[in-house]
There are 2 protein chains.
Amino acid sequence: MLTITFDETSRRPRYEQLYRFIRDEIASGGLPVGAKLPSKRSLAKHLSISLNTVENAYAQLAAEGFIETVEKKGYYVLPVVRRKQPTPAPTPAPEQPAARPGGTASAFVLRTNAVDAGSFPFATWSRLMRDSLREDHTSLVRELHPQGDRDLRRQIVDYLAEYRNMHPAPDQIVIGAGTTYLLGMLTELLPKRKFAIEEPGYTMLARTLQSRGAPFDPVPVDDEGMDPVLLRLSEADVCVVTPANQFPLCQVMSISRRLQLLDWASERRHRYIVEDDYDSDYRYALKPASTLYSLDRSQRVVYFNTFARTLTPSLRIAYMILPPALLDVYLPRKQLYSCTVSGFEQRTLLRFIRGGHYERHLNRMRTIYKRRRNAFLAGLQPLVDRGKIAIAGMEAGLHLLLSSMPGRGEKAMVKKAAEKGVTVFGLSDFFHAEAPQTHTVVAGFGGLDEQALHRAAAALCRAWR
Amino acid sequence: MLTITFDETSRRPRYEQLYRFIRDEIASGGLPVGAKLPSKRSLAKHLSISLNTVENAYAQLAAEGFIETVEKKGYYVLPVVRRKQPTPAPTPAPEQPAARPGGTASAFVLRTNAVDAGSFPFATWSRLMRDSLREDHTSLVRELHPQGDRDLRRQIVDYLAEYRNMHPAPDQIVIGAGTTYLLGMLTELLPKRKFAIEEPGYTMLARTLQSRGAPFDPVPVDDEGMDPVLLRLSEADVCVVTPANQFPLCQVMSISRRLQLLDWASERRHRYIVEDDYDSDYRYALKPASTLYSLDRSQRVVYFNTFARTLTPSLRIAYMILPPALLDVYLPRKQLYSCTVSGFEQRTLLRFIRGGHYERHLNRMRTIYKRRRNAFLAGLQPLVDRGKIAIAGMEAGLHLLLSSMPGRGEKAMVKKAAEKGVTVFGLSDFFHAEAPQTHTVVAGFGGLDEQALHRAAAALCRAWR
């Protein structure tokens, strides 16, 4: 039986300690592939902890692809390569007639990038900004450090250690005005490399690489993440992935896929993985999965994250963590890149995180978005009950994937929705290369309150009945 | 005799109205090359204005290269091509012995990019930031416009119309986090073009172009600005110049040179001039010269300016004005470039300019820098009196050029200064290609107060006696 001594002084909850312990056992081979885990009840008894603690730990392990539940049998350690059977595509229905031109103006626009910026804590931010302007004069009148304010980088390091089990040095962090900006810088640090990007994925990413003259290939994702076989075939040197919450498919990259990608990277000296941890803070059931960065033993992961999404889009603060080999490329050139983020806002953000406001804000936003998601889901339930749509992407992020069960094409779905005043987006919009005609639309719920989402969902019920 | 009707309702002072009137007469050919202007006294009498007004107008025209004074004869309209005889180079002196290694730590570092950021109006900025955070919610929670806040762009347009005689549309302006960032974007709008940059000039500029893979040639500047013959020989498509105050030589580009560059640009459809108007606000005697942008009739000038230099380096707000043809390239791609400047700071800057604080701040800074310059000049006067150095670059900007009259090499000057605790920079540091050994060092005075500058100057007097 698994025996773990809990660290009573740790700030980590017990379920997380247990989860980490089992995860490390699996990673080290102490729990081999196919091994059966003790039942939840017996483990709880054995460790004298509550059943709930074990349940949470197992759920996290299952969500990250370390273990699987076999019904009425128990929990088993998963092999490194695991692939679910793809869901068979529904038979396409004939296309619907075109909506009348100049139809109803859209009352609800369900963008994936819409956020509830109205919840931004203006008063707190204003007070901390005032404190910075009054007290941080020395920092504020100096030429900015190209990598960003040292204290803020130290604060980010502390935050990552506490919440993401990541332990970079402050000097590995580069703060910049948005992930697009930082990605542009990265293409300069990795000249003449070929990039692999997720298909489907961010259109902006493809356009940024294109504008930088960086060659790239879209590599299809399956339900575990970027396909490693196709990645190899693409002969790319750098792959850019969203493991925490694949955009736009909203899936968590499985642990075996994570390890496969890390293997791929470690095989050649010039290979890197760019891990875009976008929206990792918006998971509704479980804590975010382990990052590629934290699993990486070969120092090939460049980690990206942004504060624009969690605070407000008009605040342009993102950062990347460079592994040592890339830091060696960056450091001699760093004077070339003046810091693009205002020192005033860096100091204010430092105070915001240090004072615990950021954590509280995230918790608050998670609750708000969870309520919004629930309201939207509840409103769409009639369509699900009547077998009209299937919904995916509920566990994380700020949008849902709505698939037509009778096999109505995405164009028809978009058109019908538009006729009822709701703007949704065909999944094919997120493809870089050939855009297949899918039966799925993407609907963001982050920007509308619960009442509006109820009304939007009701309109969709009328549109797709 | 010149006859002008003054606009009594205009906010422009009379001397400026007069200056503009004569400038336009010269430009239109109404006053041909070589024509003699009326004497200051007779024109003042003729127009019933004060002598002082005419003097100011003539001084401005002379500073911009429209007219010249011939001693005891009067003022004459200058021809389009005008070139002063280059000053003969002083005979080099033998190099000085090396300073002892690990010598005195530098007490005074005279960097060209140092500014008196301590004068930043923290209290005002803080108040306006608070007002923005309280009142501009709608603007602050929206996704930023890729070109920057519309109201701020309108405000910049008003400012440029009032102070720089420039009349772009708000939609031609792109706000970004620093001129380096914007220049990088410009290289993407002008792919495969060859750039010509000033030699000597900004090292950062060369490095930015290099990192973007943009081919470029350093083109020597003479005492009027970038050499147009060598510019043609370089076969560049885009030239980047600092006409208001050539960096680091501190000269105003002559009007004939301005017109020559504009002619060069208008000859081919794909040619552009990038006008970096850096430090144009720091002129001590006269108002800034007319910009290339305002003289341009073929819409080939991309104008750059920054607020980082005039406010504080930790505030990253710069902008560029795109001419219509480049706007046509930019607009379809604009969603590719998320705005890199925080909305909060854009709104605060808007309030800062609109409230007249920016103008007052600039006036105050001009006075502070003028005092610093005077203190530094006064401290260096003994060296001038003893024929040890000649000083240039006094009219504008935040640094001086100090040339050894006995022909001591720049390396020896730098070394001797370092021995006395003062860091100055050899002019050759600012060359991109072959770095000639000059007899000139560059000394920035912006970052030190008058007392420190007195002491730094005294140390230089000992170093170079």
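Notes on the structure follow.

So, on to the overall build of chain A. In terms of regular secondary structure, chain A is built from 16 helices and 16 strands. In terms of overall dimensions, chain A is globule-like: its C-alpha atoms have a radius of gyration of 23 Å, near the 23 Å expected for 465 residues. Projected onto its principal axes, the C-alpha positions of chain A cover 65 × 60 × 45 Å. Per-residue burial over chain A gives 59% buried out of 465 residues. For chain A, long-range pairs separated by at least 24 residues make up 73% of all intrachain contacts whose partners lie at least 6 apart in sequence. Accessible area of chain A: about 19300 Å², with a carbon and sulfur share of 51%. If you average the places of the 63 positive and of the 49 negative side-chain charges in chain A, the two averages end up 4 Å apart.

Let us look at the pairing of strand E12 (residues 389-392) of chain B. Residues and elements named next belong to chain B. Only one face of E12 is buried: it carries Ile389 and Ile391, and the other face, with Ala390 and Ala392, is open. The pairing of E12 with strand E13 (residues 399-404) spans 4 bridges and is classified as antiparallel. Paired with Ile391 across the two strands is Leu402, which belongs to E13. Counting the residues between successive antiparallel strands, the hairpin from E12 to E13 contains 6 residues, one of them, Gly393, with a positive phi of roughly 85°.

Taken as a whole and assessed by the stated rule, the structure comprises 13 cavities of 30 Å³ or more. Roughly 180 Å³ of internal volume is contained in the largest cavity. Along the wall of the largest cavity there are 19 residues; nearest its centre are Thr180(A), Tyr181(A), Arg212(A), Tyr181(B) and Tyr337(B). When residues of the lining of the largest cavity are traced back to their parent elements, those giving at least two are helix H7 (179-189) and helix H8 (203-211) of chain A together with helix H7 (179-189) of chain B. In terms of residue count, the dominant contributor to the lining of the largest cavity is H7(B) (4 residues). By residue class, the composition of the lining of the largest cavity is 7 nonpolar, 8 polar and 4 charged. Considering the residues around the second largest cavity, the lining is formed by 14 residues, among which Tyr181(A), Tyr337(A), Thr180(B), Tyr181(B) and Arg212(B) are closest to the centre. For the lining of the second largest cavity, the elements supplying multiple residues, two or more each, are H7 of chain A together with H7 and helix H8 (203-211) of chain B. In terms of residue count, the dominant contributor to the lining of the second largest cavity is H7(A) (3 residues). Partitioned by chemical class, the residues of the lining of the second largest cavity number 6 nonpolar, 5 polar and 3 charged.

A few words on the side chain of Ser132(B). Mapped onto the fold, Ser132(B) is located in helix H4 (residues 122-135). Beyond its immediate stretch of four places on either side in the chain, Ser132(B) contacts His137(B), Leu140(B), Arg347(B), Thr348(B) and Arg351(B).

This part is about a nonpolar patch on the surface. Among the surface-exposed residues, Val229(A), Leu230(A) and Leu233(A) lie close enough to one another that they form a single nonpolar patch of about 280 Å² accessible area. Tracing the sequence through the fold places Leu230(A) in helix H9 (residues 228-234).

Now for the sheet that holds strand E7 (residues 225-226) of chain B. To summarise the sheet geometry, strands pair through backbone hydrogen bonds and adopt either a parallel or an antiparallel arrangement. All names here are of chain B. One open sheet accounts for 8 strands, arranged E4-E11-E10-E9-E8-E5-E6-E7; its pairing is mixed. The outermost strands of the open sheet, each flanked by one partner alone, are strand E4 (173-176) and E7. Each of E4, strand E5 (195-199), strand E9 (272-276), strand E10 (301-306) and strand E11 (318-321) is contacted by H7, which is oriented at about 155° to E10, the strand it contacts most.

Attention now goes to the sheet that holds strand E5 (residues 195-199) of chain A. Residue and element names in this part refer to chain A. Overall, mixed pairing links the 8 strands, which are arranged E4-E11-E10-E9-E8-E5-E6-E7 in an open sheet. Every interior strand has two partners, whereas the edge strands, strand E4 (173-176) and strand E7 (225-226), have only one. The pairing of strand E8 (residues 238-241) with strand E9 (residues 272-276) spans 4 bridges and is classified as parallel. From the neighbouring strand, Cys239 faces E9, where its bridge partner is Ile273. Contacts from H7 reach E4, E5, E9, strand E10 (301-306) and strand E11 (318-321) within the one sheet, and its direction differs from that of E10 by about 155°.

Turning our attention to the side chain of Asp279(A). All names here are of chain A. Relative to the elements of secondary structure, Asp279 occurs in the loop between E9 and helix H11 (292-295). Asp279 sits in the buried class, given a relative accessible area of 8%. Within the structure, the side chain of Asp279 is placed 2.8 Å from the side chain of Arg309, a separation counted as a polar contact. Residue contacts for Asp279: discarding those within four places in its chain leaves Asn245, Arg309, Gly397 and Leu398.

Mapping chain B onto chain A calls for a rotation angle of 180° and an axial translation of 0.0 Å; the resulting RMSD is 0.1 Å. One copy is carried onto the other by what is essentially a two-fold rotation axis. Here 100% of the contact residues of chain B are again contact residues in chain A; the copies associate through an equivalent surface.

What follows covers the nonpolar core. Counting residues in hydrophobic clusters, the biggest one holds 293 residues, and the most contacted among them are Leu186(A), Trp464(A), Leu186(B) and Trp464(B). If we skip the residues at most four places from it in the chain, Leu186(B) touches Val274(B), Val302(B), Phe304(B), Met320(B), Leu322(B) and Leu326(B).

Our next topic: the pattern of salt bridges. Between side chains of opposite charge, a pair can form when the charged atoms approach closely. Residues and elements named next belong to chain A. Applying the stated rule across the entire model yields 39 salt bridges over all chains. Arg134 is paired through a salt bridge with Asp131; the nearest N and O atoms lie 3.0 Å apart. Of this pair, Arg134 and Asp131 are both found in helix H4 (residues 122-135), 3 residues apart, which corresponds to roughly one turn of the helix. Residue Arg134 is classed as exposed on the basis of its relative accessible area, which comes to 54%. Put simply, Glu135, Asp136, Asp149, Asp151, Arg154, Arg347 and Arg351 are held in one network by salt bridges that share partners.

Conventions used here
Residues numbered from 1 in each chain as written. Chains lettered and ligands numbered in written order. Predicted model: local features only at pLDDT ≥ 70, side-chain atom pairs only at ≥ 80, totals over all residues. Heavy atoms only, no water. Helix = DSSP H or I, 4+ residues; strand = E, 2+ residues; numbered from the N terminus. Rg over C-alpha atoms; globule rule 2.2 N^0.38 Å. Buried < 20%, exposed > 50% of the residue type's maximum accessible area, 1.4 Å probe, protein only. Contact = heavy atoms within 4.5 Å. Areas by Shrake-Rupley, 256 points an atom, 1.4 Å probe, with all protein chains shown as cover. Lys, Arg positive; Asp, Glu negative; His and termini not counted. Charge placed at Lys NZ, Arg CZ, Asp CG, Glu CD. Pairing = 2+ DSSP bridges. 1 Å grid on protein atoms, 1.4 Å probe; cavity = no way out; pocket = protein on both sides within 12 Å on 5 of 7 lines; lining within 4 Å. Points joined across faces, edges and corners; volume = space filled by probe spheres on them. Nonpolar A, V, L, I, M, F, W, Y, C, P; charged D, E, K, R; others polar. Patch = residues over 30% accessible without salt bridge, like charges linked within 9 Å, V, L, I, M, F, W, Y side chains within 5 Å. Salt bridge = Lys/Arg side-chain N within 4 Å of Asp/Glu carboxyl O. Axes fitted to C-alpha atoms, helices over the stretch in contact; angles between N-to-C directions. Polar contact = N/O pair within 3.5 Å; in protein donor to acceptor, adjacent residues only side chain to side chain. Least-squares fit on C-alpha atoms with pLDDT ≥ 70 in both. Core = buried A, V, L, I, M, F, W, Y, C linked by side-chain atoms within 4.5 Å.

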